[in-house]
Amino acid sequence: MKSIYFVLVLVSGLIFAMTAKANHPGNNLDEEMSEKETYFQAIDKPVAPSFELVDASGELIKLSDYGEKIVILNFIFANCAGVCPLHSVRIVDLQEKINTTPMRDLVQFVSITTDPVNDVGSTLEEYGETYGLDPINWVFLTKKPNDPEDFTRKLAAEYGVKFQPEEAGQQMHGVVTFIIDRGGRFAAKFHGLKFKPINLVSYVNGLSHQEKRLGKNFLVRWWEAVSHYFSQ
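Scoring rules and cut-offs
- Residues numbered from 1 in each chain as written.
- Predicted model: local features only at pLDDT ≥ 70, side-chain atom pairs only at ≥ 80, totals over all residues.
- Heavy atoms only, no water.
- Core = buried A, V, L, I, M, F, W, Y, C linked by side-chain atoms within 4.5 Å.
- Buried < 20%, exposed > 50% of the residue type's maximum accessible area, 1.4 Å probe, protein only.
- Helix = DSSP H or I, 4+ residues; strand = E, 2+ residues; numbered from the N terminus.
- Contact = heavy atoms within 4.5 Å.
- Expected span 1.5 Å × (residues − 1).
- Phe/Tyr/Trp six-rings, centres within 6.5 Å; stacked < 30°, edge-to-face > 60°.
- Lys NZ or Arg CZ within 6 Å of the ring centre and 35° of its normal.

Asker: What should I look at first to understand the nonpolar core in this one?
Answerer: Note that soluble globular proteins tend to have their nonpolar side chains buried in a common cluster. The biggest cluster of nonpolar side chains holds 54 residues, and the ones touching the most others in it are Phe 75, Tyr 159, Ile 179 and Tyr 203. If one sorts the elements of this core by residue count, strand 4 (residues 70-76) sits on top with 6 residues. Once residues within four sequence positions are removed from consideration, Tyr 159 is found in contact with Ala 48, Pro 49, Phe 51, Leu 63, Leu 73, Phe 75, Phe 178, Ile 180, Phe 186 and Lys 189.

Structure below.
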């Protein structure tokens, strides 16, 4: 009876520890990136601001749909006469670098428009083609039909970047690339366009490998504990 109880405790501990540690790379990865990249900011919040939006076909897309992937997220609008095109070019570069590696199946790129009144239908469909974004792991999202006009601008503000409407359909805004770890953890931000793309790719690669390493090490320690108990 004691043995059964001990096993149940160990199994419960395994489940709890894996849930708590999964998707949390710890301080080393963030510290290393902070030393290498001036425009990197570690966030490490358990949950990123959630959303329910739609793609060009009207299909509902939730952040939780990508719970098993690392999400690279940015906010833009198609008619932007400022830095949005440059941001999209940077996202294309990141996607090309990532998609030539096994990380392609682990990463989802998400762009969200802050001009949902104008970014509809063919505009959403053609934006990626214009810049060369690969739809295999990239999507352009907008608000749901019944959401208010400023819905995605408020969402952007939740992430910490403001889009202030101006004349001629323009918006004054900053440029941030957000990294959301598997499980929805808000991992980090890369500010502006001066960060080195290879550093962001390396960070994402570190996140993908760190989860495997944590899981493997814990399973090894758990099995060693069980084996030791029953060998006595």
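Asker: Got a minute to help me understand unusual backbone geometry in this structure?
Answerer: Among all residues save glycine, negative phi is the norm, and among peptide bonds the norm is trans. In this structure, Asp 44 takes a positive phi of about 50° despite not being glycine. Tracing the chain through its elements places Asp 44 in strand 1 (residues 40-45). Here Ala 168, not a glycine, exhibits a phi torsion of approximately 60°, which is positive. Here Ala 168 is to be found in the loop between strand 7 (163-165) and strand 8 (171-173).

Asker: In this structure, what is going on with helix 3 (residues 84-99)? I would like to understand it.
Answerer: Counting along an α-helix, one turn takes 3.6 residues, and residues three or four places apart therefore face a common direction. With 16 residues, helix 3 should reach 22 Å at 1.5 Å per residue; the first-to-last C-alpha distance of 22 Å fits that figure. Of all the residues in helix 3, the buried ones are Cys 84, His 87, Ser 88, Arg 90, Ile 91, Val 92, Leu 94, Gln 95, Ile 98 and Asn 99.

Asker: How should I be thinking about the packing of aromatic side chains in this particular structure?
Answerer: Two aromatic rings, taken as a pair, are described by how far apart their centres are and by the angle between their planes. The full count for this structure, using the stated rule, is 12 aromatic pairs. Put simply, the rings of Phe 40, Phe 190, Phe 195 and Tyr 203 pair up and form one aromatic cluster. For the cation-ring pair, Arg 90 lies above Phe 195, with the distance from its terminal atom to the ring centre recorded as 4.8 Å.

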